[in-house]
Each structure stands twice: as structure tokens, then as C-alpha cells.
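# Structural description and commentary
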Amino acid sequence: MTGTDPRTARPFGAVGTAMVTPLTADGLGVDLDAAQALAAHVVAHGNDMIVVSGTTGESPTLSDQEKVDLARAVREAVGPEVSVLAGVGSYDTAHSVELARAHADLGLDGLLVVTPYYSKPGQAGVIAHTEAIADATDLPIMLYDIPGRTGTALETDTLLRLGEHERILAVKDAKADLQQAAVVMERSDLVYYSGEDALNLPWLSIGAAGMVSVVGQVAGDLERAMVEAMDRSGVAAALDAHRRLIPLVEAIMTRIPGAVAAKTALHLQGVLPNATVRGPLVAADAEQQRELSAALDAAGLL
């Protein structure tokens, strides 16, 4: 079967949050209580998927044990109707396989596997790396294609090859190549999720199943409204939600790192007890906080 209808084939849900990782005030530990409260908050505001230990979750600065503990805590905090995925990708195949196996018995719904970064392997290396992770557990896989960070894009033939694997079900795309995605969706069963908040509506318009969003943990209800409007062919209503999100996307995704902006916004909303991040990230300064506060206020979310 090819050309799958995303409205009936959503392996991980439709409205997903790339969740920040709440830290203790000193930054030395993960605040699991705050993580569970945040997970419950995003579910109450329209999200049916949570991805932990992604880039927005500051995965490069989390230990393996912290990642496992975080995934376990979030899984416990939300009901079975909410998909929980954990990022396990790295530039080291053996380490990624080990991390995937460490998450295998936590009751998760899937794993997020980013293209190997920094070392910039060829497409054959990307395929071998990804298939090794997919073969390590029985958990479904969402690929993460973000060449702006990894230095390597997933080519069309690579996506079609990986889509033949029984456990590789979806792609989180932050590459903005909608034409390539349209070809892959037409020629395979891979389901696409927008990985770039500014393009959520365009992605939905060409058949994406939903989004894995940074802004969604701040404004999930608006993203839910957009998805449901598109499902009803209600383009005008979807466009209205999209336009309401524009100032938030601008404030959260374009001026400072998304993890910093999202944590600051959640702290301003009273959802997180602090906005602490780990180095090399640094906290938002006073002017950046004012800009975020103004954007939240304008959207009626403060």
C-alpha cells in the first residue's frame, strides 16, 4: 500500500510536543516531578504525542540514565492514549543501539532516531546505522531528518529503503523539502510529521499526519485546532489558527534556541518552576523575556 491517508494512519498521533527537559534550579539534575507535571499539562492542551530527549529536550547534555528516568516518568504521567517517544539517536551506532535497548522495557510507543551528526556518513552509513537501531528493539521508529544540525540529509532513495523496514514508520522532517516528502509519501507507507513550526500548515496541506512541535507545549490547543480543521477540509479555520501562531513561532523559534525560549515561555506561563538550561545554552536575558511575554500576551496565553 502507498499513498497512505494521514487522517487514518497516524502511528504516533497528530499533535506532538518536542518536550523540554525540566531541570533542578542548579541545573545538576532532572526535575522528574516537573517533567510529569509538564507532560500532563501538554496533554490537557491538545497534544496526543510527547517526544522526550530530543534536541529541544537538551539531549546532548543528558546522561543515558537521565534519559531513561525521564522517559519512564513521562510514560507514567500520561494515559495510554498518549504516544510517548524517546530520542536515542547519536553519531555513534553502538551507543545508539545501547540506548535504544535501555528504553525497550519502559512501555514507550516509539523511538526518535536522528540522522548521525558531525561525522557526516554517506547514505550507506546512514542506512546501516538506522537499521541497526531499528533491529535492536521491537519499538517503532520515527526518523528525524534535520540536515541543518546534522550536516547530512536523508536522500529520497534512502527514505524509500528505510521505509521498507517493518519498524520504521514515520519521518519528522525539519528539512523543508515538501516535494521530496510528497514523492516519498506517494511511493511508500512512511508517514510524515512536520518538524518545523513555521511550516506546520503547509505540511498538513500536502498530507503530513501532524507535527512534532516546540511551540506545541506552549500553544497546543491552537495546533490541535489547526489539525482538526484540516481534517474537516476547513482550510479557513486552519489558516486562522496558523496566523494566530505566527507571533509565537517568531518569538520561540527564530531569536534564541528553541529549548531556551520554550522553557522561558513555560516559566512565564507558570507551568515550569524555573527556566534553567545546561551549557552551552544560556538563559534568556531580560529583553528576550519581555519579547516572549509580549508574544504570549498577544496570543492570550499568558
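Residues numbered from 1 in each chain as written. Predicted model: local features only at pLDDT ≥ 70, side-chain atom pairs only at ≥ 80, totals over all residues. Heavy atoms only, no water.

## Notes on the UniProt feature "site: Part of a proton relay during catalysis" (unreviewed entry) in the protein
- As recorded in UniProt, the sites labelled "site: Part of a proton relay during catalysis" (unreviewed entry) are Thr 55 and Tyr 118.
- With respect to the secondary-structure elements, Thr 55 resides in the loop between strand 2 (49-52) and helix 2 (64-77).
- Judged by its relative accessible area of 33%, Thr 55 is partly exposed.
- Residue placement: Tyr 118 occurs in the loop between strand 4 (110-114) and helix 4 (123-136).
- Excluding its chain neighbours within four sequence positions, the residues that come into contact with Tyr 118 are Tyr 91 and Thr 150. (UniProt positions renumbered as here; feature names shortened; annotations may be inferred. Helix = DSSP H or I, 4+ residues; strand = E, 2+ residues; numbered from the N terminus. Buried < 20%, exposed > 50% of the residue type's maximum accessible area, 1.4 Å probe, protein only. Contact = heavy atoms within 4.5 Å.)

## So, helix 3 (residues 93-102)
- Along helix 3, the residues that are buried comprise Ser 96, Val 97, Leu 99 and Ala 100. End-on, the buried residues of helix 3 take up no more than an arc of 165 degrees, which puts them together on one face. Among the exposed residues of helix 3, those oriented more than 90 degrees off its buried face are Ala 94, Glu 98 and Arg 101.
- In the core, the buried residues of helix 3 are packed alongside helix 2, strand 3 (83-87), strand 4 and helix 4. (Arc of directions from axis to C-beta.)

## Digging into unusual backbone geometry
- Cis geometry marks the peptide bond from Gly 279 to Pro 280, where omega comes out at 20 degrees.
- Turning to its location among the elements, Pro 280 is positioned in the loop between helix 11 (258-268) and helix 12 (286-298).
- Phi is positive for Ser 53, close to 60 degrees, though the residue is something other than glycine.
- As for its position among the elements, Ser 53 is in the loop between strand 2 and helix 2.

## Brief notes about the side chain of Asp 145
- With respect to the element layout, Asp 145 can be found in strand 5 (residues 141-145).
- Among the residues examined, Asp 145 registers a relative accessible area of 0% and is labelled buried.
- Residues within four places of Asp 145 in sequence aside, it is in contact with Thr 115, Thr 152, Ala 153, Leu 154, Val 171, Lys 172, Asp 173, Ala 174, Lys 175 and Gln 180.

## Considerations on helix 9 (residues 216-231)
- In a regular helix each residue adds 1.5 Å, so 16 residues correspond to 22 Å; helix 9 covers only 18 Å between its end C-alpha atoms and thus falls short of that length.
- Most of helix 9 sits inside the fold, with twelve of its 16 residues counted as buried.
- A positive phi of about 60 degrees marks Ser 233, the residue just after helix 9. (Expected span 1.5 Å × (residues − 1).)

## Topic: the packing of helix 11 against helix 12
- Two elements in contact, helix 11 and helix 12, have axes separated by 10 Å at closest approach and are oriented at 60 degrees. As for the relative orientation of helix 11 and helix 12, their crossing is right-handed in sense. Two secondary-structure elements touch here, helix 11 through Ala 261, Thr 264, Ala 265 and Leu 268 and helix 12 through Gln 289, Leu 292, Ser 293 and Leu 296.
- Looking at the contact of helix 11 with helix 12 residue by residue, the class counts come to five nonpolar, three polar and no charged. (Axes fitted to C-alpha atoms, helices over the stretch in contact; angles between N-to-C directions. Left-handed = near helix turned anticlockwise from the far one by under 90°. Nonpolar A, V, L, I, M, F, W, Y, C, P; charged D, E, K, R; others polar.)

## Let's talk about the pattern of salt bridges
- Applying the stated criterion across every chain, the model contains twelve salt bridges.
- Among the salt bridges present, the one from Asp 109 reaches Arg 75, with a minimum N-O distance of 2.6 Å. Of this pair, Asp 109 sits in the loop between helix 3 and strand 4 while Arg 75 sits in helix 2, placing them 34 residues apart in sequence.
- The partly exposed category is assigned to Asp 109, whose relative accessible area is 26%.
- A relative accessible area of 13% means that Arg 75 is categorised as buried. (Salt bridge = Lys/Arg side-chain N within 4 Å of Asp/Glu carboxyl O.)

## Overview of the sheet that holds strand 8 (residues 210-213)
- Pairing is parallel in the closed barrel, where eight strands are placed in the order 1-2-3-4-5-6-7-8. Strand after strand, the sheet turns through a mean of 25 degrees between neighbouring axes, direction not considered.
- Seen against the sheet, helix 9 touches strand 1 (15-18) and strand 8 and runs at an angle of roughly 160 degrees to strand 1. (Pairing = 2+ DSSP bridges.)

## Focus on the packing of aromatic side chains
- Tallying each qualifying case throughout the model produces two aromatic pairs.
- When the ring of Tyr 91 is compared with that of Tyr 117, the centres are 5.0 Å apart and the planes differ by 50 degrees; the resulting orientation is tilted. Of this pair, Tyr 91 sits in the loop between strand 3 and helix 3 while Tyr 117 sits in the loop between strand 4 and helix 4, and the two are 26 residues apart along the sequence.
- Centroid distance Tyr 192 to Trp 203: 5.7 Å. Interplanar angle 15 degrees. Geometry classified as stacked. With Tyr 192 in strand 7 (residues 191-194) and Trp 203 in helix 8 (residues 200-205), the pair connects residues that are eleven residues apart, well separated along the chain. Note on accessibility: Tyr 192 and Trp 203 belong to one class, buried.
- We note Lys 172 situated over the ring of Tyr 144; from NZ or CZ to the ring centre the distance is 4.1 Å. (Phe/Tyr/Trp six-rings, centres within 6.5 Å; stacked < 30°, edge-to-face > 60°. Lys NZ or Arg CZ within 6 Å of the ring centre and 35° of its normal.)

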